[in-house]
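One letter stands for each residue in the lines below.
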Amino acid sequence: MMQTILYMFTYPFIVRAFVVGILVSLCASLLGTSLVLKRYSMIGDGLSHVGFAALTIAYPLGVSPLYVSIPICVATAFFLLQIEDSAKIKGDAATALMCSSALAIGVMVISLTTGMNTDVCNYMFGSILAMSGMDVWISVILSIIVLLLYGMFYHRIFAVTFDENFAKATGIHTKRYNMIIASLTAVTVVLGMRMMGTLLISSLIVFPSITAMRVCRTFQSTVLVSAVLSVLCFVAGMIFSYIYPVPTGACIVIINILVFAVFSFWNMFADRFYGRSG
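So, how was this worked out
Residues numbered from 1 in each chain as written. Predicted model: local features only at pLDDT ≥ 70, side-chain atom pairs only at ≥ 80, totals over all residues. Heavy atoms only, no water. Helix = DSSP H or I, 4+ residues; strand = E, 2+ residues; numbered from the N terminus. Buried < 20%, exposed > 50% of the residue type's maximum accessible area, 1.4 Å probe, protein only. Contact = heavy atoms within 4.5 Å. Phe/Tyr/Trp six-rings, centres within 6.5 Å; stacked < 30°, edge-to-face > 60°. Axes fitted to C-alpha atoms, helices over the stretch in contact; angles between N-to-C directions. Parallel < 35°, antiparallel > 145°, perpendicular 65-115°, else oblique. Left-handed = near helix turned anticlockwise from the far one by under 90°. Nonpolar A, V, L, I, M, F, W, Y, C, P; charged D, E, K, R; others polar. Patch = residues over 30% accessible without salt bridge, like charges linked within 9 Å, V, L, I, M, F, W, Y side chains within 5 Å. Areas by Shrake-Rupley, 256 points an atom, 1.4 Å probe, with all protein chains shown as cover. Salt bridge = Lys/Arg side-chain N within 4 Å of Asp/Glu carboxyl O. Core = buried A, V, L, I, M, F, W, Y, C linked by side-chain atoms within 4.5 Å.

Chemist: Mind laying out the environment of Met8, listing which residues take part and the relevant values?
Modeler: With respect to the secondary-structure elements, Met8 resides in helix H1 (residues 2-8). On the basis of relative accessible area, Met8 is assigned to the buried category, the value being 1%. With 231 residues separating them along the chain, Met8 and Ile239 place their C-alpha atoms 8.4 Å apart. Leaving out residues up to four positions away in the same chain, Met8 has contacts with Ile14, Phe18, Met238, Ile239 and Tyr242.

Chemist: Which residues make up the packing of aromatic side chains, and what are the values?
Modeler: Applying the stated criterion across every chain, the model contains eight aromatic pairs. Centre to centre, the rings of Phe240 and Tyr244 are 4.7 Å apart; their planes meet at 40 degrees, and the pair counts as tilted. Through pairs of rings, three or more aromatic residues link up here, namely Tyr150, Tyr154, Phe158 and Phe219.

Chemist: If you had to explain helix H11 (residues 201-212) to someone new, which residues and values would you point to?
Modeler: Summarising burial for H11: 11 of the 12 residues are buried, a large majority. Of all the positions in H11, only Ile201, Ser202, Ser203, Leu204, Ile205, Val206, Phe207, Pro208, Ser209, Thr211 and Ala212 are classed as buried.

Chemist: Provide a residue-level description of the packing of helix H2 (residues 12-37) against helix H10 (residues 174-196), including the pertinent values.
Modeler: Where H2 meets H10, the axes come as close as 9 Å, and the angle between the chain directions of the two elements is 140 degrees. Between H2 and H10, the angle is such that the two are oblique. In this structure, H2 crosses over H10, and the sense of that crossing is left-handed. Contacts from Gly21, Val24, Ser25, Cys27, Ala28, Leu31 and Leu35 in H2 reach Ile181, Leu184, Thr185, Thr188, Leu191, Gly192 and Met195 in H10. Of the residues in the contact of H2 with H10, the class split is nine nonpolar, five polar and no charged.

Chemist: Break down the environment of Ile172 for me, citing the residues and quoting the values.
Modeler: Here Ile172 is to be found in the loop between helix H9 (164-169) and H10. Relative accessible area serves as the criterion here: at 15%, Ile172 is assigned to the buried category. Spatially, the C-alpha atoms of Ile172 and Ala159 are 8.5 Å apart, while their sequence positions differ by 13 residues. The contacts of Ile172, once residues within four sequence positions are left out, are Arg156, Ala159, Val160, Ala167 and Tyr177.

Chemist: Talk me through a nonpolar patch on the surface; I want residue IDs and the actual numbers.
Modeler: Judged by side-chain polarity, Ile57, Leu61, Val63, Tyr67 and Met134 come together as a nonpolar surface patch covering roughly 490 Å² of accessible area. Within the secondary structure, Val63 sits in the loop between helix H3 (43-61) and helix H4 (65-86). When its relative accessible area of 33% is taken as the criterion, Val63 is described as partly exposed.

Chemist: Got a sec to walk through the nonpolar core? Specific residues and values, please.
Modeler: Within the largest apolar cluster, 67 residues are counted, with the highest numbers of intra-cluster contacts made by Phe18, Tyr150, Met196 and Leu204. It is H10 that provides the largest number of residues to this core, a total of 14 residues. Leaving out residues up to four positions away in the same chain, Tyr150 has contacts with Leu30, Leu31, Ile157, Leu184, Phe219 and Val223. Counting five residues, the second-largest nonpolar core is a separate cluster that includes Cys233, Cys251, Ile255 and Val259.

Right, dumping it as structure tokens:
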């Protein structure tokens, strides 16, 4: 088993997949904690569908999907937050409308242009091993930028996440930091689409955070445990999908589900026998 695992790292494309996957997993888990606590967790699903529509437009034009998807997803994230602020349409309803509309546009564009080819399927269901060299470099650079910006604004993001009204009263420009969270999420979603696919990318944002919340009671510990779990689940999913012929994205999600179940049972056990909930 160990020899097989070591042998897989002799393939350059697998090494690239691990580097990009670990960085994207870190970005998704860090942002996921804030999104879950702010009840914005479904924004990842909405943005992934928008990203799918954007890439269906990019392929007929002969443009790299990342160049089209990222600015469109960032603009969509701003739009969703503006709707939330106006309170005319609730955030979950706006996300649902965005999902169905973007998916319909994407399917229509596909039917009129390239058809359901291999590249489109890779983005829908994930194929991290099919990333080109340019995709890898772009993903690494943008992931590092997301991590640096998150670290730079960590305290502001913490304040906006837990008590937005209090943060506003203390002089923090809450709308600006909500936009930063949305922008970083949009970039992470687009980068993760190649790895997990548009149908599964939201799980990379949600599962590690809600799993960590089973045993953690502070924001910092939740963020750290979420990051560790996200990376470990990704690595385990990659190894399992290499040993057995199963899709990488689905494998990562299933491992996340199993880890969530284990943490949930432990939380129930600790609450019953030790009189605590974590």
